[in-house]
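Residue strings, one per chain:
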Amino acid sequence: MPHREHAAVDAYQPAGAHPGLDRPAADSHRDELPASDHAVLPPGELRNTAVREVLCEFCIHAIHKSERTPGPPPARVLAGPRRGFHRIGLGMPEHDVLVIGAGLAGQRAALAAAEAGASVGIISKVHPVRSHSNAAQGGINAALDPEDSWESHAFDTVKGSDYLGDQDAIEIMCREAPEELLDLEHLGVTFHRNEEGRLGKRAFRGASAARTYYVADITGQAILHVLYEQLMKHHEVYRYEEWFTTSLLQDDEGRIAGAVMRNIRDGTMELFAAKAVILASGGNGQIYDPTTNALICTGDGIAMAYRIGAPLMDMEMIQYHPTTLAGLGLLITEGARGEGAHLYNAEGERFMEKYAPNKMELASRDVVSRAEQTEINEGRGFADGTVALDITVVPRKRIHEALREIVNVGRDFAGVDITREPIHIKPGNHYVMGGVKTDINGQTPIPGLYAAGECACVSVHGGNRLGANSLLDTLVFGRRSGKHAAESVKGMMVREASRAVLRDEERMISQIIRRDGAGRRVSEIKAELGETMDRYVAVFRDEAGLNTALETVRRLKDEARVVSIDDKGSVFNQDVLGALELDFMLDNAECIVVSAIERRESRGAQYRTDYPERKDDEWLKHIDVSLDGGVPDISYSEVTMTQWEPQERTY
Ligand SMILES: Cc1cc2nc3c(=O)[nH]c(=O)nc-3n(C[C@H](O)[C@H](O)[C@H](O)COP(=O)(O)OP(=O)(O)OC[C@H]3O[C@@H](n4cnc5c(N)ncnc54)[C@H](O)[C@@H]3O)c2cc1C
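This write-up is about the structure you can find in this document. Because the structure is predicted, anything quoted here is derived from the model rather than measured.

Things to note about helix 14 (residues 470-488)
Here is step 1: Over its 19 residues, helix 14 runs 26 Å from end to end, which matches the ideal 27 Å to within 8%, given 1.5 Å per residue.
Here is step 2: Of all 19 residues making up helix 14, 15 are buried, and the element is well covered by its neighbours.

Here you go:
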């Protein structure tokens, strides 16, 4: 039963028990409190959401009850029980480190920051264990086997990135992977064990050894739940669940000072002060339709950082996953090919023989996606614009043991029993390799602002991410960001954040809500955006198509300025959040398209039919994009090389 440091609602409840609780509540807190630690809560103050956030649900129930009876005496509330949470109701919430996002990157960052002694606030627009990391099926990479090596993992990652990944960051990620994995195991993640009782692994694409560790096909979910349990243990970590961040705040010197939040439950707005902010707000797949990404993946953090001047990097690099269900975008995990599944065209040909004769279905994602799309475009696909994935070659017992979720996906969403017949699939939007540019500790060029996970670009994935390297990226760089942020703010005062931004945001949101119904709807604009991106900024691209996409995105940006919503309320108003997310998505889309136009070569996920060659002399560099005078401005940065010279990339 969740029970926060709670109010002592003396007047309304029997001594020693909260209403509805069949065991004595933790009333020892109340008894131990010196009188000075109590604040008087006037009736009606419960409507102040910041107050409600620190009350346990039973106290809230008790106060609600009291407010329904005339003339209730004031409730008494415990003030400042948590280190780093300095007020109740009055003032603003204040933390050493504020983590925006509670997926794997955010939770790992929060845990590391708390372990380094910081007070931490962690925000999520959904309940943390419903974050998109929950969807990760296949596993996490680590060179743990004595016959494997971090160097081999690093080389595969560099090659997979088409030499655009920064090799110093890749080395760190691959070196630290085994320890990170073992830490998770010791915390309680139930990784698959083989018949000898050792950690079992599967082969993933682009890897020269089987090094993907997994929990059936629910790896992300399993890790997320274990990290959440760990966070609950920490008194230094305060969780703000179902709060939506609308913008980042800076002080007069440009240092990060906090963020503006909307409490989704009742629509009130708050300014949160922080000495450091870690963005861990996930990817932007919803820009595309279809996508494997959850509805919440709208690139909010990427856009918020961009709006305050943080550069984004590698934004043109959008991964299409080779095996998604046509139309719906649901993912059939790469674990299926890892277990041995084959790809066929409509003529019954195992076509990967032509494109990657050595690795076949285990070539990297960009290579397999392009192969499938070529088969479809050249008329060798099925009538529904797909090719077939045949999992029946995997023993049925093994399918039920290791791929049970996709047995359900096949049955429920395609009407196919994957243990008996092939399933139709096609390439679909899956992952953004680019994001907020950071160093190897997650720091962005904005003092005090960090980023980790899919919203960040360290860059360990470069032009193409290898399967099962993203969970690793979230954990390694989440941990490094949390630790670095906590250590760098020790002894620092909280920065002065202007309340003007809060008032601007409140005004902007109330304008959206008050608007009449003249503008286009959020869903219409989003659908046109998704279709445009999928048509012109997908597996194959060219200049004419990219220019059409840019024109469309800019028109949609104008239309979004007067978008209409139906819900005029304040409680769980998802309509208004949809309008805010649409703005974030359009900023992301504009940055993706201008970067894709700029890169006049083919590398990794960016395949330009008008520039089909990789051109290292001119383009072995990152494209950075920053906001300048309201429009994206392009610059370049060096790719960090340590020990691997670029080679031709064949599989
Ligand atoms: C179907 C699928 C399967 C995958 N399988 C694998 C796999 O097997 N192995 C692998 O390595 N990778 C896999 N990936 C990729 C991987 O799951 C993601 O890249 C990774 O989980 C992203 O984690 P994250 O912590 O960066 O973000 P997320 O898990 O997306 O979390 C983002 C958080 O930010 C919060 N947030 C966002 N915006 C706001 C806002 N405005 N205000 C407040 N909170 C906000 C959200 O509520 C959420 O808590 C898969 C991806 C998909 C789509």
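Alright, that's what it looks like, and here's the rest.
Quick look at the pairing of strand 23 (residues 631-638)
Here is step 1: Of the pairings in the sheet, the one linking strand 22 (residues 621-628) to strand 23 comprises eight bridges and is antiparallel in character. Across the sheet, residue D624 finds its bridge partner in strand 23, namely S635.
Here is step 2: From the end of strand 22 to the start of strand 23, which pair antiparallel, there are two residues, and G629 there has a positive phi angle of about 60°.

Things to note about unusual backbone geometry
For residues that are not glycine, phi is negative in most cases, and the peptide bond is trans in most cases.
Here is step 1: The amide bond that connects D289 to the next residue, P290, takes the cis arrangement and shows omega of 5°.
Here is step 2: Here P290 lies in the loop between strand 11 (269-279) and helix 8 (300-307).
Here is step 3: We note that D162 has phi near 60°; this positive angle belongs to a residue other than glycine.
Here is step 4: Structurally, D162 can be placed in the loop between helix 5 (150-160) and helix 6 (167-187).
Here is step 5: A relative accessible area of 6% places D162 in the buried class.

Considering the packing of aromatic side chains
Here is step 1: Summed over the entire model, instances satisfying the criterion amount to nine aromatic pairs.
Here is step 2: For the ring pair Y240 and F272, a centre distance of 4.7 Å and an interplane angle of 75° mean the geometry is edge-to-face. Of the two residues, Y240 sits in strand 8 (residues 237-241) while F272 sits in strand 11, which places them 32 residues apart along the sequence. Across the pair, F272 and Y240 agree in class, each one buried.
Here is step 3: Measuring from ring centre to ring centre gives 5.3 Å for W243 and F272, while their planes differ by 70°; the resulting arrangement is edge-to-face. Of the two residues, W243 sits in strand 9 (residues 243-250) while F272 sits in strand 11, which places them 29 residues apart along the sequence. Judged on exposure class, the residue W243 and its partner F272 are both buried.
Here is step 4: We note K159 situated over the ring of Y651; from NZ or CZ to the ring centre the distance is 4.4 Å.
Here is step 5: The lysine or arginine in question, K621, covers the ring of Y636, its NZ or CZ lying 4.0 Å from the ring centre.

So, the side chain of H342
Here is step 1: Among the secondary structure elements, H342 is positioned in strand 14 (residues 342-344).
Here is step 2: The class of H342 is buried, set by a relative accessible area of 17%.
Here is step 3: Reaching out from H342, the side chain makes a polar contact with the side chain of R350 at a distance of 3.4 Å.
Here is step 4: Filtering out sequence-adjacent residues up to four positions away, H342 remains in contact with R350, E361, A388, L389, D390 and V393.

A few points about the pairing of strand 15 (residues 387-390)
Here is step 1: Judged by which residues are buried, strand 15 turns out to be covered on both faces: V387 and L389 on one side and A388 and D390 on the other are all buried.
Here is step 2: Where strand 15 lies against strand 16 (residues 423-432), three bridges are found, and the strand directions are antiparallel. Opposite A388, over in strand 16, you have H424 as the bridge partner.

A look at the site of the ligand
Here is step 1: Near the ligand lie 38 residues; those nearest to it are S131, S133, G138, E454 and L471.
Here is step 2: Between T245 and the ligand, the recorded distance is 2.8 Å, taken from a backbone N or O atom to a nitrogen atom.
Here is step 3: E454 places a side-chain nitrogen or oxygen 2.6 Å from an oxygen atom of the ligand.
Here is step 4: Considered on its own, the ligand offers 1,000 Å² of accessible surface; in the complex 98% of this is hidden by protein.
Here is step 5: Mapped by element, the contributors of at least two residues to the shell around the ligand are helix 4 (104-115), strand 4 (120-124), strand 9, helix 8, strand 16 and helix 14.
Here is step 6: A per-class count over the shell around the ligand returns 15 nonpolar, 19 polar and four charged.

Describing helix 16 (residues 522-536)
Here is step 1: Taking 1.5 Å per residue, 15 residues should reach 21 Å; helix 16 reaches 21 Å between its end C-alpha atoms and fits that length.
Here is step 2: Among all positions of helix 16, only V522, I525, L529, G530, T532 and M533 are buried. Within helix 16, the buried residues cover an arc of 165° as seen down the axis, which keeps them to one side. Opposite the packed face of helix 16, turned more than 90 degrees from it, sit the exposed residues S523 and R535.
Here is step 3: Tucked into the core, helix 16 has its buried residues touching strand 13 (318-325), helix 17 (543-560) and helix 18 (574-598).

Conventions adopted
Residues numbered from 1 in each chain as written. Predicted model: local features only at pLDDT ≥ 70, side-chain atom pairs only at ≥ 80, totals over all residues. Heavy atoms only, no water. Helix = DSSP H or I, 4+ residues; strand = E, 2+ residues; numbered from the N terminus. Expected span 1.5 Å × (residues − 1). Buried < 20%, exposed > 50% of the residue type's maximum accessible area, 1.4 Å probe, protein only. Pairing = 2+ DSSP bridges. Phe/Tyr/Trp six-rings, centres within 6.5 Å; stacked < 30°, edge-to-face > 60°. Lys NZ or Arg CZ within 6 Å of the ring centre and 35° of its normal. Polar contact = N/O pair within 3.5 Å; in protein donor to acceptor, adjacent residues only side chain to side chain. Contact = heavy atoms within 4.5 Å. Near = heavy atom within 4 Å. Areas by Shrake-Rupley, 256 points an atom, 1.4 Å probe, with all protein chains shown as cover. Nonpolar A, V, L, I, M, F, W, Y, C, P; charged D, E, K, R; others polar. Arc of directions from axis to C-beta.

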